[in-house]
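# Structural overview
So you can see what is in the structure, the chains are spelled out below.
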Amino acid sequence: MACGLECLPVRGEVAPDIKSFVLNLGKDSNNLCLHFNPHFNTHVDANTIVCNSKDSGAWGAEQQEAAFPFQPGSIAEVCISFDQADLTIKLPDRYKFKLPNRLNLEAINYVAADGDFKIKCVAFD
C-alpha cells in the first residue's frame, strides 16, 4: 500500500471464544508501523485496544484505546489509512483514532494477522 489516502479494509470473523487478535503492518516483522491488538478477555486487559510500533525489533510506547466496538462471534472490519505523519484506524460504529507513523514509512510491504480472527477479505481502495 502506498502513501496517501488509500484505505486498507480488513474484514474478518471474530471467534465466539476470542481472547485477542493481532494485525501487523509495516516493512517486515521487525519493522512495524502498526501493531493492532484488541484484548477481549485477557488477564492483562479486558475490552481494550492496544497499539504499538516496532523499530528494528524494539517495541515503542504502547497506546491504549478505551473504545471497543468488537463483539465475540461477529464480523468486524478495521480500515487503516496512513501518510508519512500518521496512521488512521477506523473501527465499527464510526470510531476512529490516530497513531504517529513512528517509522516514517511511505509504503506498507508486510501485513500479518494472528489470534482468534479469521480474515475473510482484504482489499485496497
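Figured I'd write up the structure that's included with this text. Every value quoted in this text rests on a predicted model; they were computed, and no experiment measured them. (Residues numbered from 1 in each chain as written. Predicted model: local features only at pLDDT ≥ 70, side-chain atom pairs only at ≥ 80, totals over all residues. Heavy atoms only, no water.)

### A closer look at the nonpolar core
Counting 29 residues, the largest nonpolar core has L34, F36, F70 and I89 as the members making the most contacts within it. At the level of secondary structure, the elements contributing two or more residues to this core comprise β1 (4–14), β2 (21–28), β3 (31–41), β4 (46–55), β7 (75–82), β8 (86–90) and β9 (96–100). (Core = buried A, V, L, I, M, F, W, Y, C linked by side-chain atoms within 4.5 Å. Buried < 20%, exposed > 50% of the residue type's maximum accessible area, 1.4 Å probe, protein only. Helix = DSSP H or I, 4+ residues; strand = E, 2+ residues; numbered from the N terminus.)

### Quick notes on the state of the cysteines
Within the structure shown, the criterion is met by one disulfide. The disulfide partner of C7 is C79, and the S-S distance across this bridge is 1.5 Å. Taking the sign of the torsion about the S-S bond as the criterion, the disulfide between C7 and C79, at about -125 degrees, is left-handed. One end of the pair, C7, is in strand β1; the other, C79, is in strand β7, and 72 residues separate them in sequence. We note that C7, like C79, is buried. No disulfide involves C121; its sulfur sits 11 Å from that of C79, the nearest cysteine. Classification of C121 as partly exposed rests on a relative accessible area of 30%. (Disulfide = S-S within 2.5 Å.)

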